[in-house]
Every structure is written in C-alpha cells, then in structure tokens.
Amino acid sequence: MTTATAKPSLGDRWSKAWTRDRRRIIVAAVVAALLVIGLGGLDPEDWFVTIMRGLATGAITFLVASGLSLILGLMDVLNLAHGELFMLGAYLGWTAYIRPDTTVDLLAPILITIAPFALWALWRPLGRKVAALGSRWAGWLLVAVGLGGWWWAWRLFPLAIWDPSVYAESPITFSLAFDIGTLVPLPAGTFGGPALIAVLAMLVAASIAAVGLVSFNPTGSPRPSAKGIGASIVALAAGLSILAWREGLVEGLFAMNPTLRFFLAGIVSVIVISAIGAGVEVALIRPLYDRPIYQLMITLGFGFILIELVREVWGRPEFTMPKPPAFNGIGEGCPGQGIGDLFSGCSTIEMFGARIRTYNELFIVGIGIIVLVGVSLLIKRTRIGMVIRAGVQDRHMVEALGVNVRVVFMGVFAMGAGLAALGGVLAGPSIGLSPEMGGRLLLSALIALAIGGLTSFPGAAVGAVLVGILQQIIIRYGQTGIPLPWLEEPFKPSPPLVPASTVLLMIVILLVLPNGLLGKAEH
Amino acid sequence: MSLLSLEAVNTHIGQYHILQGVDLEVGAGEIVAMLGRNGAGKTTTLKTIMGLHPRTGGTVTFDGEEIGELRPYEVASLGIGYVPENRAIFADLSVEENLRIAERERGDLARSIDFIHDLFPDLARLAELPGTSLSGGQQQMLAVARALVPENRLLLIDEPSEGLAPVIIEQMMEAIRSISSDTTVLLVEQNFVVASRLAQQYVILEEGRSVAGGAMADLVDDDETINRYLGAG
Amino acid sequence: MSLVDLATTRKPWIVRHRLLLLGVLAAVLFPFVIAIVVDGAPISAVWENADGNAKFLQGLAIEVVVLALYAMSYDLVLGVSGLLSFGHAMFFAVGAYSLGILLKSAGLGLVPSLLIVMGIAVLVALLFAVVLPRVKGIGFALVTLGLASVTGIIISSSEFKDYTGADVGLQGVPSPDWLNPTDQRFRFYLVSMGVLVLVYLLYQRLVDSPTGKVLVAVRDNEDRALMLGYSTFWYKTFALIVASMTAALAGSLHTLYQPIVTPEVAGLGFTVAALLMILIGGVGTVSGAIVGAAVFRLTEFYLDRWFEGLSNLLIGAGYILLVLFLPYGIVGTWRTRSNRIGEGRSRLARLLSGSKGE
Amino acid sequence: MSDVLIRTEGLRKEFGALVAVDDVSVSIERGTLHSIIGPNGAGKTTFFNLVSGTIKPTAGRVYLDGDDVTNIPVHRTIHHGIGRSFQITNLFPSLTVLENVRLAAQATGSDGFRWWRSHARFTDYVSRAEEVLTQVGLVERAFDIASNLPHGDQRKLELAMILAPDPEVLMLDEPTAGMAAEQVPELIALIRDVQTSGDKTVVLVEHNMGVVMNTSDRITVMAQGAVLAEGTPDEISANEEVKVAYLGSLYEDLG
C-alpha cells in the first residue's frame, strides 16, 4: 500500500477532510445552525445566560460522560452504575461537608481495613494453599468469615450517631444553621471494649477476607512491591492517628473555612468513590470480561443496589447542599463586575449585561474545562495514556511487554468513578441531592456520548455541551413560550420535553452518523 | 547451564488439555526452533512461558528461578521479550510509541534506538506514522524491534515468517541472526527452510508433548524424523 | 444409519413436550388443589370465583403469564437473535395502551381491538427495523432506549391526558363480561394459560425452524451469515415483528387484567425486568423465559411481603449473584448438565464403530 | 478454454488517501485455477473483496459471465455463484460443525423463512452438509463446536462452508495460512479435485510459493495495488521483475 509522503497544503487537507467526513461536517453545521436559530428566538439578553447555563449543565454531564467514555473505550464496558456513582459521590460529599465528624469516624476503620489489602501479594502463598483445596467454596468461606469478623470489630469502633432526617426535614433552618456556623460536632463515642482488640480484630478479619479473595486467582509474585508496603504502612498509621487525635481533628474541621471544607469534602468523596470504583472493577467487572452483556447487566444491578443503599443509610434522602460561602455572597459590593470578580465572594457577576451565577456558571464550567484539558493531556502525552490507548486494542500484549495491565484497568475504572464523584459533589449545591439524580444524569451522559462518538474523549465534551445548551434553550422556551402562527397562546414546552428533545437529537444524529460526531468508524 | 528450561509442563485451555508434558532446554546464546504440526501446542508453549496461559503442571525455570506462577508482566520484567503470532501492533500508537511502550525504565529506548534503526532502517523513516499504516513485513519488524527495546535476555518469537513475502523473510532472518549475538532466541517456525537456516537446536512438539530434540544440523539430514513429525518439508 | 438420520431423527412429540404437558395439567388442577387444601372450600368455589387463596393465586399466575409472554418475546430479540434492545418495554406499553384506548375511548369490541393492536405492533417493530441497518451494538441499545423513553414521555405528558391518563395511568378500561378478571377469574386464568401455551409452542417451532437457525447464526456472526447469502436485515426484522406482536399481546392481557396501567411499563425499568427474567431462566432458551417470569414475580411478591423496605436491596444482591454464579440461568444450566452435544458425539461414535464392524 | 468467467475493468479502490487497488484489469477463464500473488500490502485481499462484492470499488467494474455484478449487495453474490473464504477464519464459532455447513447449504434454497416447520424436515441440506463434510474429511467432527476445532480443521470447515452451496467460483484467501506443512498438500489436492471434477473456477491468494507454482494454471502478480505481471507459472518464475520485487533468492536452491 502506498502512503502519502509530502505534507499537504491547507486547502488540500480541507478538501481531503471534506471528501472523507462530508457527512460529519454537514451534520455539525446543521446542528450548529439549529442551535443558533433556537437562540435567535430568545431575547438577546437571554443569549449569554442561556449559553452559560448550557455550559454548566454540559460540564456536569461531561464529568459523568468522560468517565463512561474512558471505561467504555479501554474495557468495552458500558458502566450503567456510573450515574449511581455520581449520586453516591454527591451524598458522600454532602456528608463530608456538613458532618465532618461522621466522616472522620468512618475514615479510621476504613483506613485500617485497607492496610492488609495493600499487601495483596503477601497473601498469595496462603491463597494458593486455599486454592489447592480444589473448591471455590473454601475461598468464599474465608471471605464470609472475614466479613463477619470485620462486622464484629466495626461494632466496637467509636462512632458518633447522627440523624440525617433532621436536616432533610427543615432544609431552611439547616441552611441557616450552616451559614451562621451553629452546626456543632456530635459528642465523640468510645470504643466498645479494649481499643487494641478492636483494631487487631479488624486487621485480622480484613487479612482473612483478603486471603479468601486472593485464592480465586493466586498467580503472581509472592513479594509485595515497595509501593504496596508503603501504602499499607501509611494507611495503618493514618487510621491509628485519626483514632488518637479524633477530637482535635473534628474541632479543626468545624472551625475550618467552609469553602475550604467544601473542597476537602470534594477530595474525600472523589477518593472514596475512586476506591469503590476500583473495587467494582475487581469484584464485578473482571470476572466477566468474556461476557460483555453480563457486564452490562451486573453494573445495572449494582447501580440498583447503590440506590437502595443510599435510601437505607441516609434515611429520608432528599437533601439540599449549601453553596460554599466563597460563591454565595450577597449585599455590599455584589454583584461583581466582570470575570475578575469571580473570587470576590459574590454569588453573581454582571457580564455582557446579564447576571451570571459564579458557582453554577463559572466555577463548575471552569472545573469542567480543567478536567477536559487535564485528562486529554494525560491520554495524549503521558506513558499511562499510551498504555491506555494500547490496552484498548490488546491488553494481553501490553501485559507481555511488562506492564501490569490489571492495575491500569483498575486505575482507569477508579478514575472514571472519581470523575463522576467530582461531578456529583459539584452538582450537589446546584441541583440538590436525591437518589434518582444519578439515573437522570446517566441518561444525559449516554446521549452526550452517543452524539459525540461513544469512545471519543473530546466527543464526550462536544456531546455534553450540545446536550446542555439544548436543554437550557428548551427550558428557557418553557418560560417564554414559542409563538406559533397557528396557536393563539405561545407554545410552552413542558418539562418532560427537555429530556425528550435531547433523545430526539441523539436518534437523528445516530441515524445519520452511527458513530457520532467525532467517533471512529468501527472496523 | 540452560537459560530457560521447561519440565513436564501442562496447560489446559478451558476443558482442553493442550500441553501434556513439554520438556525444553534453551541454552544461553542459542537459537532454538520449536517445530511441529499445527495444533501441536507450539504457540501455547510460548504463551505458557509468558504466563499468558496459566500452567496447570510442571515447572518453568528461567535463569535458575521458578517463573511458572508469575503474571505476564512479571515474566516480562525478568528480561523475556515476546513477539506474538499476530504481531499485535497497536493501531492507535505511532511507530515510535509502539516502541516506547515496551520501555521498562526511562531511557531504554534512547539506549537501543540506534541499534534498532540500524537493524530496520524502515522504522526510522516511519517513526511518526500510526502503527496500522505499516505493511505486514514492516509490522513484523516493528514487533521484533519492540522486543529489543528493553534489555531482554531471551526472545520468544512466534512465526516470524508467516504471511511474509520471500524477500521480506530474508531480511527478517538477517535481523534475527544479528540479534542472536547477544540475546537467546526461542523460535516457533512452520517454514522448515527458515527454521533450519536460523537455529542451532530444535525441539519437536506433537500433540502437546515434546517428542524429539537435538542439534539442527542432525535434523536436516534425518529424513525419517522430518517425515514422521513434520510431514514433507 | 447416516449423519442425516442422526441429525434429524427426534423423539416423538409427546416425549419432547412431556414437561409442558405436565405443566398444563398442573396449571389446570392448581386452583382446585388450593381451594380444597388451603381454603377448605368446595371445588365449585373455583368456577364460582369465590374470594380466597385460590382466586388470589390465580391472579398472581395471570401476572406471571403476562410477564412470561413479555419475557419470551425479549428472549427472541436478545437471546436468540442477539439484538441488544433497551427499548423492549415500548412494545409492551404500546400494546397495553392502544388496547386500553381502543376499548375505552373508541368503544370497539375486544376482537377488532386486538386485531388493530397487532397491526400497531407490526408498525412499531418496523420503526425499530428502520434503525437496524444504521446502528449496531450499544448504538442500537441507546437508540431503542431513546425511542422507548420518548414513548414513555408521550404517554405521561399532559397533552394526551384524556386518552392515556397521563402520569396517573390509564384506568376504567371496560373488559368484556365473559372475560372479566374479577367475576370470571377462573376463565381469565384458563384463557391466559392457553395463550401462553400456544405462543410457547409457536416460539419453540420458530426457533427450531430454518428461520430460527438463521437468527442464531446472525447472533453468532452476522457478517458471515450475510456472506453466506442470507439477507440478515429481513431475518432480524422478522424477529422484531414477532416479538413486538407477542409483547403487545402481553400488554393487552395486562390491560384487561389490571385495573390501572401506569406509564412505568414504557420505562427502562420494565425492559430491565424482562432482562432479569430471561437471565433467571436462561438467555436464548425460550422456555427459560417462563421459568424466569414465575421465579421473578413470586420472589418479588414474597420478598416484599417478608422484608418490605429491604426487598429491593435483596433483589439487587440476588441479581448480581445470579449474573456471577449462574450465568446460564435455570434452564440453561439444566441443559448444559444434560449435555446434548456430548450425547450427539457419543451417538456418532457408536455409528462409526458400528459401520466399521459391518 | 478461452471462455472468460470473471473480468475486471479498471478496478480502483481508495481508503482515504491510500490507493489500495489501482486500475486493475484482470480476466479469469472458466475452469482454471488462477493464483494472485504479491508482497504484503500489494492489494491482493482488497482486490479479492472487490471481486466478491464485500466492498464497493471507487471506480471500475466487475463482470461475472458477462453480467455486471459491481454493485450487487454482498448477500446476493452467492446467488451469482461466488463463494469466498477469508484470510482470518470466519465461522459461526458457537455452533456445531454440522450446523455451520448446514446453514451454508440452506442459504441457497428459499426455505429460510419457513418458520412453521422444523429444520429437521429439510433433510436435503443435512445430506448436502454430510456430503461436503465427508469431502473435506470432517465428518467425525460433525457435532463438535466450531471454535473448539484446531486451526487446520477450522480452515477445512471454512472450505466446506464455501463448497456447500456448490458455487461456480471459489475464491480462497490464503487457505493454507497457519496450516502445518504436512496438511498443505492434502488441502491443495482437495481444492484441485473440487476444481477439476466439478469444473469450477478457483481464484487463489497464496504465499506458499510451492503451492502456487505447482497448482496454478495462471498467475497474476500484484505490487503496490497494480498488476506487475501475468502468465503461466513458468513465465512468472522466469520473470526478472517479479524476482526482484517478490521472490528473492530464498527458494532458489530448492528448485
């Protein structure tokens, strides 16, 4: 086969692109024209606001869609629990933000549990002995014993009791209490027995469970890596220090600037959900790599379980989440003037004759852009990105070149989950928390992906922005109405038509471009 | 002492007992050819050494260390390079990235790039192109080059001549010969002409068992063994 | 004896369908047994439709029949033909709502209404078929999901409240006196059982026919089927039409039986229910859909009764365990155990050794 | 024997900027075994796909027995008597060997939509499958699942699936690829047998020079998408240009 050698001129490249991607270019132009016409029907002062709101919706959708796209591209798994990870991220963020004391209480046992698991390789010889017994039931028995022991140890740990329904029932009082800083730490609990026994029991129980899990696939070197040992020591040390200095830690967190605490909550939520994502990959996805439809089904089931779990744990589950104070100021000096006042503490800013909310339309969009650029660079420029791109095609070969592909897959799944959690925490203050928020967002994200091209990362961004802007235009028309010549009253699209419009856009685009706007043709 | 040795290795794939006792010795610095009919288990043997198929019995020893329980990436990091049957060039990576991904430490490629470009001048010219734009022969060269990026002590090469035009096969053979001055090679080859000219030692597999072995020079004249296990050469 | 005989000789019909016949017998006797044993009522209580456990359990069985028909149709699409449709609920919902509207608003009789519903079902299947050549795999799943959710939105939108009852649901559908689910429960029960048996036999035959074999081939390797000379598009369309008509029939029974039809039957949740049922029974086995529907509905019912709030969590956990540890479902696992392929191979071995002896 | 069955006229195929097949005009006579050889990337498989209708050309036409078949849909090609194999084995992996071949036989009939009768009633297809399986020597494996066969047997099954509909033209893309040396002569003898006994036309893409030189009636050599030379095996092996571009010296001393 012959390959082009000389560098083509710009006109040349354009004509090549035109012959190759004619259909794509036409569709993109038509979609752009439709959006412009849609905006044209609105008052000029609404244009900027609508676009900015669309970008904000798009940014949240993108955070969910990008993780979905990464996981789909690398592992060929459509993670239907992704929306629920987003939702759980929001709940965890809420808890870490509003109730840092509870978070601290939970953190200690979790870190202590992690410590034996980080020494995975160490359990391999034992796991081999268990596997040699010839029945998987031996492994399951160990897992069950481990879980039982863990539960017993967990009950000994000091956990302050909190009642979320108090905040759910009176969101306004709660917001007030939050704003004036009258939220106070709950009284610390005490160990239900000797602390040493509780900690040791938890370590032993986690080790037993780990041996059981290792026995299902005990291949590999029995020597833990330096990283593993380090992680184990750090986790154990952190867990023990939290137990020792809980009081001071909690007080410090309550005295902390709430905006800083919001960021801290975001980080905690992202880390925890990433860990859950990694666990999901190991426990649910990995056993089913040969059976893609079953992966779909299992993620669906897992999402379902997460919703029920949130209902159980958080009780009556609709919550509002106060905006971080740095984006919630009113009164003197507000609204801010121009983008320079983004960090002035005002809740709104005047730009181009319109009032823009700093948190929703500027902060969230900013984070979305940072993630887009960051992850794109990661994929294009780094070695990890190279491994991901190669692993998409042939994971066995990548592994035979000396790369621990399992860890990379686990990492990508964790990263995808973490991005969803970031979206959840960011969306919390603007759309509120409910167990159903994940399902709605997953649908938007899937539509965005389908429009952009299922496994294309930039496609996820383009699709998400399109979906976001389209939704906001329809919502705006729902308020102003569309004057139609054959109707006396202007037609006001009802709320169900917002998702319906994006679904229709997806169907039309997929019928013309089965691989979406930026997707590659399947070979 | 041999660099790699397999003793009574067994491998199941699903319910099929593919390897039923393979014994194999590869001495340091040698080129050993693994011969045998289709389905005899040659590719499976290479994959078992790499840890890509779990071994169900026997021992695999590399440089005195038992490696049968290791994961593929751990095997690779001991210094074993693998060139698979289907070449497995990564389509979304450029030619240079296809090489870079095989690095185990920083600077691996910088150390070996000149040697690789000397061996395969085509790859220098095509460095920026995506892996898919290469012809079959160029892909085969890239696959071999990829195994040369880190300091590997042993290369497992599966069917280097398959699907290649005769002129390209000759280039390929030349390259393998020049590698073998400081790297040990275990080769699977259907083409007896190619195998007999490259290797010093041979092993014949039949139905998952090693049934014959020795110096290649002896085999070339041993029409009986050739006919019995390999069919008409 | 040649390979032809080996491959085409089968046991007599009655032997092959012995389980089905036993099942039919059991289903007919079931209400009487319950009436006598549990309710302690006379046999006549059954055809007099007296209240009690017998009547209640007949009702549960009718719900199982509706779900079984619906799951069977999804098995034809997903399990046999390998089409990953996430909009299957649309077939059911269109059947349920159009029958309701025809009976209630248009005032038509049951038979003409059913005929029209079948016609509509074919049209809906053709709508899916239009999409078929364009998008494959996950794309098809998303587009069908989209089509179904648009249907759901239309059903629940306030614009059509007079016909569909919007988000409240369709209620007050008049069912004919001879098939009234309250007064003629036993008759309704027998009719629905009869419909299920007929459709099941039809499906068995379809899957075993040349057409069914091509559908399986399409699932396995569509490009190759195309290269062999099969116009795979028409085979897939055929499967969609049959499935759509079956699901619409299930929807019609649902409307006749239930006092109220809610827009939820068009949602993703209801497609997932079908997926769950064929997964329990065994994907691609047809009879598994019936087993799956029964297990699904009964588990759901009793878990809800015993565990209330926790029941959904338990169902979710059970579902995950099922996918991980019993991927071929009840019927599928049963068949793997009985190992038909091994049987065929040993017959072949006998044949070959026999011919050598001659 | 100068009866032309397949004729291409100025066939050209572009993939984006890449010209895979460039102005190829070839005539293949009825009842002959015609091989196409050339270095990797010469466009042999693309040419094959164009003739068998799997892909559509950018320009040029394909004639079969005088009829223009350039743009017929791929599932109709078999009804024009073209059967083709694939370089990468392409089967129904989870079905039995018998079912694979039976489906291939059934495709020629018009019983595909008889959904109300059991497939067991259509015994013609099964007996045709048995016939073909006996011919390729796979009848003992009739009830094995296709994906469980060793590679060589899968190639045979592939051949059986092409033979089942009894096509006029057999297009075989590297039928011996990945086969053990001892199995190759057997397979070639089988192909030869099918060709002469059934008066079939065989188009063969092959790398195994021994096979090509010994069995072909005519050979077309392709390089960089175009036809480099065409002639009898003797003419080709004497052609200096071919030697430089393709053959090299590896096989010289083998005679």
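Since the structure is predicted, the reported quantities are computational estimates derived from the model, not experimental observations.

Draft legend 1. Representation of the overall build of chain A. In terms of regular secondary structure, chain A is built from 20 helices and 3 strands. Expected size for 523 residues packed as a compact globule is a radius of gyration near 24 Å; at 26 Å, chain A falls within 12% of this value. With the C-alpha coordinates aligned to their principal axes, the bounding extent of chain A is approximately 75 × 70 × 40 Å. When burial is assessed residue by residue, chain A has 51% of its 523 residues classed as buried. Contacts in chain A between residues at least 24 apart in sequence constitute 77% of all its contacts with a sequence separation of at least 6. Carbon and sulfur atoms make up 70% of the accessible area of chain A, which amounts to about 23,900 Å² in all. Across chain A, the 35 positively charged side chains and the 29 negatively charged ones have centroids separated by 14 Å.

Draft legend 2. View of the overall build of chain C. Each helix and strand counted, chain C has 18 helices and 2 strands in total. Computed over C-alpha atoms, the radius of gyration of chain C comes to 22 Å, within 12% of the 21 Å expected from 2.2 N^0.38 for 358 residues, which places it in the range of a compact globule. Going through the 358 residues of chain C one by one, you find that 56% of them count as buried. Contacts spanning at least 24 positions in sequence make up 75% of the contacts within chain C whose residues lie at least 6 apart. Working note: accessible area of chain C is about 15,200 Å², and carbon and sulfur atoms make up 66% of it. Seen as two clouds, the 25 positive and the 21 negative side-chain charges of chain C have centres 13 Å apart.

Draft legend 3. Broad picture of the pattern of salt bridges. All names here are of chain D. All told, the structure shown has 40 salt bridges over all chains when counted by the stated rule. Put simply, Asp-166 and Lys-200 hold a salt bridge, and the shortest N to O gap is 2.9 Å. Placement of Asp-166 in the loop between α4 (151-163) and β8 (169-173) and of Lys-200 in the loop between α5 (183-197) and β9 (201-205) is noted, with a sequence separation of 34 residues between them. We classify Lys-200 as buried; its relative accessible area is 11%. Through salt bridges with shared partners, one network takes in Arg-141, Asp-144, Asp-153, Lys-156 and Glu-186.

Draft legend 4. Highlighting the sheet that holds strand β2 (residues 16-27) of chain B. All names here are of chain B. Read from one edge to the other, the open sheet built from 4 strands follows the order β2-β1-β4-β5, with strand pairing classed as antiparallel. Every other strand in the sheet has two partners, leaving β2 and β5 (65-66) as the edge strands with one partner each. For strand β1 (residues 2-13) and β2, the ladder comprises 9 bridges, and the chain directions are antiparallel. What sits directly across from Asn-10, in β2, is Gln-20. Contacting β1, β2 and β4 (55-62), helix α1 (residues 42-50) crosses the sheet at an angle of about 110 degrees to β1.

Draft legend 5. The interface of chain D and chain C, seen in detail. Counting from both sides, the interface comprises 45 residues of chain D and, opposite them, 36 residues of chain C. Between chain D and chain C, roughly 3,700 Å² of surface is buried when both sides are summed, and carbon and sulfur atoms account for 67% of that area. Taken together, chain D and chain C are joined by 1 salt bridge. Between Arg224(C) and Glu158(D) there is a salt bridge, with the nearest N and O atoms lying 3.4 Å from each other. Scanning the region where chain D abuts chain C turns up 13 residue pairs in polar contact (both at pLDDT 80 or more). Looking at the side of chain D that touches chain C, the element that brings in the most residues is helix α2 (residues 97-106) of chain D, giving 6 residues.

Draft legend 6. Quick look at empty space enclosed by the protein. Tallied over the entire structure, the rule returns 5 cavities of 30 Å³ or more. By volume, the largest cavity amounts to about 90 Å³. Together, Arg224(C), Met227(C), Leu228(C), Ser52(D), Thr77(D), Ile78(D), Ile82(D), Gly83(D), Arg84(D), Met161(D), Ile162(D) and Pro165(D) line the largest cavity. Contributing elements (two or more residues each) for the lining of the largest cavity: α12 (222-228) of chain C together with β7 (82-84) and α4 of chain D.

Draft legend 7. Highlighting the side chain of Ser274(A). All names here are of chain A. Mapped onto the elements, Ser-274 comes out in helix α12 (residues 258-285). Given a relative accessible area of 17%, Ser-274 falls into the buried group. What Ser-274 contacts, discounting residues up to four positions off in sequence, is Ala-414, Ala-417 and Gly-418.

Draft legend 8. Up close: unusual backbone geometry. In this structure, Glu207(B) takes a positive phi of about 45 degrees despite not being glycine. Mapped onto the elements, Glu207(B) comes out in the loop between β9 (201-206) and β10 (209-215). The backbone of Gln224(D) shows a phi angle near 50 degrees, a positive value even though the residue is not glycine. For Gln224(D), the location among the structural elements is in the loop between β10 (218-223) and β11 (226-231). What makes Gln224(D) exposed here is its relative accessible area of 60%.

Draft legend 9. Examining helix α7 (residues 110-131) of chain C more closely. Spanning 22 residues, α7(C) covers 32 Å between terminal C-alpha atoms, matching the ideal 32 Å at 1.5 Å per step. Every buried residue of α7(C) is listed here: Leu110(C), Ser113(C), Val117(C), Met118(C), Ala121(C), Val124(C), Ala125(C), Phe128(C), Ala129(C) and Val131(C). Projected down its long axis, α7(C) shows its buried positions confined to an angular sector of 165 degrees, all on one face. Exposed residues pointing more than 90 degrees away from the buried face of α7(C) are listed as Leu115(C), Leu123(C) and Val130(C). Contact partners of the buried residues in α7(C): α20 (497-512) of chain A together with α6 (88-104), α8 (138-156) and α13 (232-257) of chain C.

Draft legend 10. Molecular detail of the arrangement of the chains. Of all 5 pairs of chains sharing an interface, the pair with the highest contact count is chains C and D. Structurally, chain B and chain C remain out of contact, their C-alpha atoms never closer than 13 Å.

Draft legend 11. Geometry of the confidence of the model for chain C. All names here are of chain C. Averaged over every residue, the pLDDT of chain C is 86; the share at 70 or more is 94%. Confidence drops under pLDDT 50 across residues 354-358; counting only partners more than four residues distant or on other chains, this segment forms 0 contacts. Prediction confidence for the complex, expressed as pTM and ipTM, is 0.84 and 0.79 respectively.

Draft legend 12. Representation of the packing of aromatic side chains within the structure. Residue and element names in this part refer to chain A. Considering all chains together, one arrives at 32 aromatic pairs over all chains under this definition. Pairing Trp-150 with Trp-154 gives two aromatic rings, centres 5.2 Å apart and planes at 20 degrees, and the pair type is stacked. One end of the pair, Trp-150, and the other, Trp-154, are both in helix α6 (residues 136-156), 4 residues apart, so they sit about a helical turn from each other. A relative accessible area of 21% places Trp-150 in the partly exposed class.

Draft legend 13. Structural context of the nonpolar core. Formed by 375 residues in total, the largest nonpolar core has its most connected members in Leu35(B), Leu186(B) and Leu133(D). For Leu186(B), the residues in contact, after removing those within four places along its chain, are Leu4(B), Leu24(B), Val26(B), Val32(B), Met34(B), Leu46(B), Ile49(B), Leu154(B), Leu155(B), Leu156(B) and Ile157(B). Residues Val21(D), Ile36(D), Ala42(D) and Phe47(D) belong to the second largest nonpolar core, which totals 23 residues.

Draft legend 14. Inspection of a nonpolar patch on the surface at higher detail. All names here are of chain C. A cluster of nonpolar side chains, contributed by Leu-19, Leu-22, Leu-25, Leu-29, Val-33, Ile-36, Val-37, Val-38, Ile-43 and Trp-47, occupies part of the molecular surface with about 1,000 Å² of accessible area. Of the residues forming the nonpolar patch, the biggest block, 8 residues, is contributed by helix α3 (residues 18-39). Looking at where Leu-29 falls in the secondary structure, it is placed in helix α3. Judged by its relative accessible area of 46%, Leu-29 is partly exposed.

Draft legend 15. View of the environment of Thr220(D). Residues and elements named next belong to chain D. With respect to the secondary-structure elements, Thr-220 resides in strand β10. With relative accessibility at 2%, the residue Thr-220 sits in the buried group. Sequence-distant contacts of Thr-220, defined by excluding residues within four places in its chain, comprise Val-26, His-34, Ser-35, Ile-36, Ile-37, Val-227, Ala-229 and Glu-230.

Draft legend 16. Highlighting the environment of Val214(A). Residue and element names in this part refer to chain A. By the secondary structure assignment, Val-214 is in helix α9 (residues 195-214). With relative accessibility at 1%, the residue Val-214 sits in the buried group. Between the alpha carbons of Val-214 and Pro-125 there is a distance of 9.2 Å; along the sequence they are 89 residues apart. Ignoring any residue separated from it by four or fewer positions in sequence, one finds Val-214 in contact with Trp-120, Trp-123, Arg-124 and Gly-127.

The rules behind these values
Numbering of residues begins from 1 in every chain and follows the order in which that chain's sequence is written. All chains are assigned letters beginning with A, and all ligands numbers beginning with 1, in the order in which they are written. In keeping with the predicted nature of the model, local features appear solely for residues at pLDDT of at least 70, side-chain atom pairs appear and are counted solely at 80 or more, and the whole-chain, interface and lining totals rest on all residues. Hydrogens and water molecules were not included; the side-chain quantities draw on all heavy atoms of the structure. For the purposes of this entry, the term helix denotes a DSSP run of H or I that reaches at least four residues, the term strand denotes a run of E that reaches at least two, and both are numbered from the N terminus. Each radius of gyration is computed over the set of C-alpha atoms, and the globule rule expresses the reference value as 2.2 Å times the number of residues to the power 0.38. When a residue's accessible area, from a 1.4 Å probe over protein chains only, is under 20% of the maximum for its type it is buried; when over 50% it is exposed; and in between it is partly exposed. The criterion used for residue contact is that any of the two residues' heavy atoms lie within 4.5 Å. All accessibility values rest on the Shrake-Rupley procedure with a 1.4 Å probe; residue burial counts only the protein chains present in the view. Positive: Lys, Arg. Negative: Asp, Glu. His and the chain ends are not part of the count. Throughout, a charge is located at the NZ atom of Lys, the CZ atom of Arg, the CG atom of Asp or the CD atom of Glu. Any Lys or Arg side-chain nitrogen located within 4 Å of an Asp or Glu carboxyl oxygen qualifies as a salt bridge. Strand pairing is defined by DSSP finding a minimum of two bridges between the two strands. To get an axis, fit a line to the C-alpha atoms, keeping to the stretch in contact for a helix; angles then go from 0 to 180 degrees between the N-to-C directions. Accessible-area loss on putting two parts together, using a 1.4 Å probe and summing over both, is the definition of buried area adopted here. Two N or O atoms form a polar contact when they lie within 3.5 Å of each other; inside protein one atom must be a possible hydrogen donor and the other a possible acceptor, and for residues adjacent in sequence the pair counts only when both atoms belong to side chains. Each cavity reported here is a set of points on a 1 Å grid over the protein atoms alone in which a 1.4 Å probe fits but cannot get out, each pocket an open set with protein on both sides within 12 Å along at least five of seven lines, and each lining residue one with an atom within 4 Å of a point. Grid points are joined across faces, edges and corners, and a volume is the space filled by probe spheres set on the points. Multiplying one less than the number of residues by 1.5 Å gives the expected span of a helix. Our arc is simply the arc of the directions from the helix axis toward the C-beta atoms. pLDDT expresses how confident the predictor is about each individual residue, on a scale running from 0 to 100. Two rings from Phe, Tyr or Trp (for Trp, the six-membered ring) form a pair when their centres are within 6.5 Å of each other. A pair whose planes differ by under 30 degrees is stacked, one over 60 is edge-to-face, and the rest are tilted. In plain words, nonpolar cores are sets of buried Ala, Val, Leu, Ile, Met, Phe, Trp, Tyr and Cys residues tied together by side-chain atoms within 4.5 Å. Like-charged residues within 9 Å of one another, or nonpolar side chains (Val, Leu, Ile, Met, Phe, Trp, Tyr) within 5 Å, are grouped into patches, provided each residue has over 30% relative accessible area and no salt bridge.

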